[in-house]
Amino acid sequence: MRQVKVGIIGIGGMGTAHINSIASLENCYVSAVCDIDAEKIKEFSAKNDIPGFVDSDKFFKEADVEAVIIATPHYFHNVYAEKAFEYGKHVLTEKPIAVHKADAESMIAAAAKHPELKFAAMFNQRTIPAHRKIKQLIDSGELGEIRRINWIITDWFRTEIYYASGDWRATWKGEGGGVLLNQCPHQLDLLQWFFGVPTKIRANASFGKYHKIEVEDEVTAFLEYPNGATGVFIASTGEAPGTNRLEITAERGRLVYENGKIEFKRNEISVSEFSATTEQRFGTPAFWNVEIPASSSNQFQHRDVIEDFANAIINDTQVMAPAPEGINALEIGNAMLLSAIKDKTIELPMDSGEFAVELQKLIDNSKFTKEAPAGTVAEEDFSTSF
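Each chain has its residues counted from 1, following the order in which its sequence is written. Selection of residues for local features in this predicted model requires a pLDDT of at least 70, selection of side-chain atom pairs for listing and counting requires 80 or more, and totals for whole chains, interfaces and linings are taken over all residues. Hydrogens are left out, water is left out, and the side-chain values use all remaining heavy atoms of the structure.

## Description of unusual backbone geometry
What counts here: Labels follow the DSSP assignment, with helices taken as runs of H or I lasting at least four residues and strands as runs of E lasting at least two, numbered in each case from the N terminus. Partly exposed residues are those whose accessible area sits between 20% and 50% of the maximum for their type, while under 20% is buried and over 50% is exposed, using a 1.4 Å probe and protein chains only.
Here the amide bond leading from Lys95 into Pro96 is cis, since omega sits at -15 degrees, within 30 degrees of zero. Structurally, the position occupied by Pro96 is in the loop between β5 (90–93) and α5 (101–112). In the segment running from Ala240 into Pro241, the intervening peptide bond is cis, with an omega of -5 degrees. Positionally, Pro241 belongs in the loop between β10 (230–236) and β11 (244–250). The backbone phi angle of Asp49 is positive, close to 55 degrees, even though this residue is not glycine. Within the secondary structure, Asp49 sits in the loop between α2 (38–48) and β3 (52–53). Asp49 gets classed as exposed once you look at its relative accessible area, which sits at 70%.

Right, here's the structure in full:
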């Protein structure tokens, strides 16, 4: 069986997890790694007998790789992706694909010059069976026209030592944002995958409300869609126990996804038809209670994205999570943050340059000093955070 030679850029928590995932796959293997930490590279290479590089230019010129997985801090995702395309490498990048829309536009334009190369993003929650079932129900028309969306996603709880564990975390200069850019790209991707891109966004955000950080750790946003549907998106890293509840109200009824279950109260006839034809002043459509079977978990979701990426290279097929689609989720998150900063409604498509300017102002005006971790950072299974 053909195996794709993969290079990993960034061997921190996520990069190491991807290396472990690849070890269980038959269609690819790690042929080189790259990281700015020379000691980490030296130790890893000696232990695993895999070539290691500290200099990224040398990595791209000399490493025997066909594809790269980018698992660096956010600001380097587009930088290394564009460099990889120059050297003829397939790319799988961690989320978000970039920090802001302007950088995403640049990397997508670079990818377009090399249509023969696969360009995927680690939108691993697309592999979860329940998410795929919801997508199917929407696309098939089973729900009818969407009228309202409400997503409360507050189970991304994070501790002080989490934020203190990396100099780049939760800073404008190092990460470029908080819950919208680090945790919620998964839900923002699913949001646009399910419902498309809204036309207007109005948001409120709190910066360092629950943690000693300078970026947003709580967001409430109001969304408007082309067909008149509305949505509310609530996210936080400061609530415990948190909630993950998606409610979709549509012509054919109401679907709720929570606690691993999809429940659909399906109207026997559509809301519009019942309203227009009934002789009852206070009646409501009869409905069926339907519990839709679909697993809410997939412990191998990162591995599955990598396996799909390698298969796409081998068989020249489409990847399950095309990275260019990542600009939609990024734009939604950028628009929420811009709306909160400027206290105004943002119309989409948004001016990518406007947000880039505002982000640079936050970087330039920052006086935030990151505190060192208080105590030892425990070794943990990061998958428990999903």
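## What to know about the packing of helix α4 (residues 77–86) against α5
This is how it is decided: Only the contacting stretch of a helix is used when fitting its axis, a line to C-alpha atoms as for every element, and angles between N-to-C directions run 0 to 180 degrees. For classification purposes, an angle smaller than 35 degrees is called roughly parallel, one larger than 145 roughly antiparallel, one from 65 to 115 roughly perpendicular, and anything else oblique. Should the near helix be turned counterclockwise from the far one by less than a right angle, the crossing is left-handed, whereas a clockwise turn marks it as right-handed. The contact criterion used is simple: two residues touch if any of their non-hydrogen atoms lie within 4.5 Å. Residue classes follow a fixed rule: Ala, Val, Leu, Ile, Met, Phe, Trp, Tyr, Cys and Pro count as nonpolar, while Asp, Glu, Lys and Arg count as charged, and any other residue, Gly among them, counts as polar.
For the pair α4 and α5, the least separation of the axes is 9 Å and the interaxial angle reads 15 degrees. What the angle tells us is that α4 and α5 run roughly parallel. Handedness of the α4/α5 crossing: left-handed. Judged by residue contacts, His77, Asn78, Ala81, Glu82 and Phe85 of α4 engage Asp103, Ser106, Met107, Ala110 and Ala111 from α5. Across the contact of α4 with α5, the residue classes break down as five nonpolar, three polar and two charged.

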